[in-house]
Amino acid sequence: MHRIASVFFLLLFPSVVLSSATAATTLDKIRSSGTLACGINIEEPEYTLEDAHGNHSAFDIDICKAVAAAVLGPGAKFTIKSYRDEADSLKALSSGEIALLATGSPHLRNSNGSFIFGHNVFYDYQGILVSQRSGITSARDLAGKKVCFLIESEMETQINGYMALQQIKFIPGPFSEEGEMEAALISGTCAAVTADVSQLAYERIAFKRTANKFEILPDIIAKDPLAPVVRNDDPQWAAIVDWTIQALIQAEESDITQSNVREMTKSNDVTVVRLLGIQRGWGQYLKLDDDWVVHVIESVGNYGEIFDRDLGMGSPMKLDRGMNNQWNHGGEFYANPIR
């Protein structure tokens, strides 16, 4: 009876069975083409006022490179496609122009079922930039002072809400042009500027010799994390991207670096044994080689190395790790176990 039913299904729905058996996955397509098409946002503040992330292209490119190494191995090729803002990049992802958007904002407006966001890879947040000579050390010191922001942006909405909640009466300083706002901060017309800290750090670079005279306050006005984004039509691909990020995080926790990863393949630590494919069989769950993580770490290093090189103290942006630290160092990064 079961055999008859199976034959009936094959006769009635041959196209369904054929398409499910022959449909190429995202992984298949990438391996066939030999390259990963990966999108990054270059973030032009005057082009979009929805977000105020800084240009973190180097960080995004390393995320693209890591995922490419995971699926294509040593010397993996990847093609970078740049977009002016998140709306354009999500359209490109939806159309299939790219297979991965290195970082996107997991906001409610993006959570419509069309996309899958991976593990948060950068905890950006709205902060405040001030001159060290001002004597301002916290948001409370801004009472009665002018705080500047791009007009009709999320930054305006969120600083108004935060200051009202904290009962801090400040003078709003709306600007429609970023360069003018930066000049106002340097001249002292603005006591402070507010935007996401990645944007503030990027703006500070433009101050050149005086950049070290400006600092980002510790106050968190609003959260604005970033995570890799894929379409929702291929769970296997989503898992590969997500676990690549988790592998970067776990590698840092396990003290595996770009320079010592081959030496660490001699480890007998059970976490390292599974992570680096010393114990065979773990790669099959993602349809990857067992040593795929070795290729990733050799390509870009661990998460801490990427952060320091592209965003942290080893980069022009000079951002503190803060929430982007490991869980055992006061941060938010925690990798799921491999088992």
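The numbering scheme is per chain: residues are counted from 1 as the chain's sequence reads. Totals for whole chains, interfaces and linings use all residues, but because this is a predicted model, local features are given only for residues with pLDDT of at least 70 and pairs of side-chain atoms are given and counted only at 80 or more. Hydrogens and water molecules were not included; the side-chain quantities draw on all heavy atoms of the structure.

I keep staring at the state of the cysteines and nothing clicks. Help me out?
One covalent bond between the sulfur atoms of two cysteine residues makes up a disulfide. Two cysteine sulfurs form a disulfide in these notes if their separation is within 2.5 Å. Applying the stated criterion across every chain, the model contains two disulfides. Note on cysteine connectivity: Cys38 is disulfide-linked to Cys64, with sulfurs 2.1 Å apart. When the S-S torsion is -70°, as for the bridge of Cys38 with Cys64, the disulfide is left-handed. With Cys38 in strand β1 (residues 35–41) and Cys64 in helix α4 (residues 57–72), the pair connects residues that are 26 residues apart, well separated along the chain. For every residue, the accessible area (1.4 Å probe, protein chains only) is compared with the maximum for its type, and the residue is labelled buried under 20%, exposed over 50%, or partly exposed between those bounds. Of the residues examined, Cys38 reaches a relative accessible area of 0% and is grouped as buried. A relative accessible area of 0% places Cys64 in the buried class. In this model Cys148 forms its disulfide with Cys190; the gap between the sulfur atoms is 1.9 Å. Residues Cys148 and Cys190 are joined through a disulfide that is left-handed, its torsion about the S-S bond being -90°. Taken together, the residues span a long stretch of sequence, with Cys148 in strand β6 (residues 146–150) and Cys190 in the loop between α7 (178–187) and β8 (192–196) at a distance of 42 residues. Indicated for the protein chain is the disulfide connectivity 1-2, 3-4, based on numbering the bonded cysteines in sequence order. Runs of E in the DSSP output that reach at least two residues are strands. Runs of H or I that reach at least four are helices, and both are numbered from the N terminus.

How should I be thinking about the packing of aromatic side chains in this particular structure?
Centre distance and the angle of the planes are the two values used to describe a pair of aromatic rings. Think of it this way: a Phe, Tyr or Trp ring, Trp meaning its six-membered ring, pairs with another when their centres are within 6.5 Å, and the plane angle makes it stacked under 30 degrees, edge-to-face over 60, tilted otherwise. As enumerated under the stated definition, the model contains nine aromatic pairs in all. Between the aromatic rings of Phe59 and Phe122, the centroid separation amounts to 6.0 Å while the plane-to-plane angle is 55°, which identifies the pairing as tilted. Within this pair, whereas Phe59 is found in helix α4, its partner Phe122 is found in the loop between β4 (115–117) and β5 (125–131), the two being separated by 63 residues in sequence. Its relative accessible area of 1% is what places Phe59 among the buried residues. Connected via pairs of aromatic rings, a cluster forms that spans Phe59, Phe122, Tyr123, Tyr303, Phe307 and Phe333. Throughout this description, the term charge over a ring refers to an Arg CZ or Lys NZ atom that lies within 6 Å of the ring centre and within 35 degrees of the ring normal. Note that Arg321 overlies the ring of Phe307, its terminal NZ or CZ placed 5.4 Å from the centroid.

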